[in-house]
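The lines below spell out each chain.
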Amino acid sequence: MLTSVHQIFDMPPQDLDDYLERGWFRMQQTIFTTHSIHKYGQPYTTLWLRNRLTDFEANSTFKSLAKRNKNFRVSIMPFEKTEPFDELYAKYRAPLPEDRIDDLDQVLFGDKKRNRFRSYTVSVFDGDKMIGAGVFDLGQESAAGITSFYDPAYAKYSLGKYLIYLKMEYCKSIGMKYFYPGYFVPGLPAFDYKLTMNRETLEFYDPSKERWLDISEYNPSCVFTDVIKAALDHYKFILQKEGLMSTLVHYIPYSATAEMLGITHHLAIPYFLHLPGQHKSGSDLAITYHPFKKEYQFFQCTHLDPEDFLKNEFHTYCFTLANFVRVKKLQMFNPVS
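Residues numbered from 1 in each chain as written. Predicted model: local features only at pLDDT ≥ 70, side-chain atom pairs only at ≥ 80, totals over all residues. Heavy atoms only, no water.

## A closer look at the state of the cysteines
Two cysteines whose sulfur atoms are joined by a covalent bond form what is called a disulfide. Counted by the stated rule, this structure contains 0 disulfides. You can see C318 has no disulfide; the closest cysteine sulfur is in C301, sitting 7.3 Å from it. For C318, a relative accessible area of 0% gives the class buried. (Disulfide = S-S within 2.5 Å. Buried < 20%, exposed > 50% of the residue type's maximum accessible area, 1.4 Å probe, protein only.)

Here it is in structure tokens:
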């Protein structure tokens, strides 16, 4: 599955290291992984990043930011949420798009009251006024940057980047080996800044190989959503030669998880080929492609009616949560190389 969430009661430091090493990350008071998100009507690949702190040094960008912000005071301490954090986040949030979470409690805690993580804050002050803050979690040898926010009136100081550099510098100073800043999204420029943060120490997680690679090895084959779509376009052509018509569907509920939805048979891949009535039971058949296992997968698909699909000039969307039961490849299909 491309998306999964684990509920947790506590997060010991070594456990956090293990999760981060496998491409997982904190979301409120859960730990999750995803390799795709849905934005602007289409799925995008997410690639998790980390910086090797053993190789981290203050580069020219960090030095420039430090010089620009030399008159500000920096404080780093264990996290304890107070009113100034809430007030600063409210200022930061005000000009942002509506899809951003309104409240810092929701960002960090969701509906939980207790913090399961060993969290620290880095704060930047202009005199006694807090103008920037960031939260990060510490494991045993790894750290994760959870969120950063700042007063928009100080935008010219690039406090967002400065806070990330401060987190990395501190984490290296206490012996951490890796810093995980979250994911970037090929094709969405809003995430590209992460690729400039000490790029010489940057790695990305390749889930198809289950290992971390230097960012210099990134190439288009890592964009898994494109791989899925290309594979299904190919299979659609094969089916058409067999006289079977299919529709490529953008499945919107894929980004939720079976755990969140409370169901067993969930499709966590953003595209599938839809063949109405082609299963031997008379129900619909769905075909998708798993980019990490490099295999086509077949499902009996129930609870979908024509009105569950929305079509425009370019795409067909399905917004309805369906039940997908894995089945063996049917003999009517020729092998696909």
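## Observations concerning unusual backbone geometry
A positive phi angle, close to 55°, is found at Y40, a residue other than glycine. In this fold, Y40 is placed in the loop between β4 (36–39) and β5 (42–45). Owing to a relative accessible area of 69%, Y40 belongs among the exposed residues under this scheme. For S158, which is not glycine, the phi torsion reads 50° and is therefore positive. Residue placement: S158 occurs in the loop between β10 (142–150) and α5 (159–173). We classify S158 as partly exposed; its relative accessible area is 27%. (Helix = DSSP H or I, 4+ residues; strand = E, 2+ residues; numbered from the N terminus.)

## Re the packing of aromatic side chains
Counted according to the given criterion, the structure contains 34 aromatic pairs. Between F79 and F109, the aromatic rings sit 6.4 Å apart at their centres with planes inclined by 35°, giving tilted as the arrangement. In this pair, F79 is assigned in the loop between β7 (73–78) and α3 (83–93) and F109 in the loop between α4 (104–108) and β8 (119–126), connecting sequence segments 30 residues apart. Here F79 and F109 have matching classes, each one buried. Each ring, one from Y317 and one from F319, has its centre 6.1 Å from the other, and the planes form 35°; the classification is tilted. The class for Y317 is buried, based on a relative accessible area of 10%. Over the ring of Y178 we find R50, and its NZ or CZ is 3.7 Å from the ring centre. The ring of F125 carries R73 above its face, with NZ or CZ at 4.2 Å from the centroid. (Phe/Tyr/Trp six-rings, centres within 6.5 Å; stacked < 30°, edge-to-face > 60°. Lys NZ or Arg CZ within 6 Å of the ring centre and 35° of its normal.)

## Brief notes about the side chain of S119
Mapped onto the elements, S119 comes out in strand β8. The exposure class of S119 is buried, given its relative accessible area of 7%. Engagement of the side chain of S119 in a polar contact is seen with the side chain of R26, the distance being 3.3 Å. Setting aside residues no more than four positions away along its own chain, S119 makes contact with R26, P78, F79, V135, F136 and D137. (Polar contact = N/O pair within 3.5 Å; in protein donor to acceptor, adjacent residues only side chain to side chain. Contact = heavy atoms within 4.5 Å.)

So, to be careful, I would describe these as geometric facts and stop short of saying anything about function.
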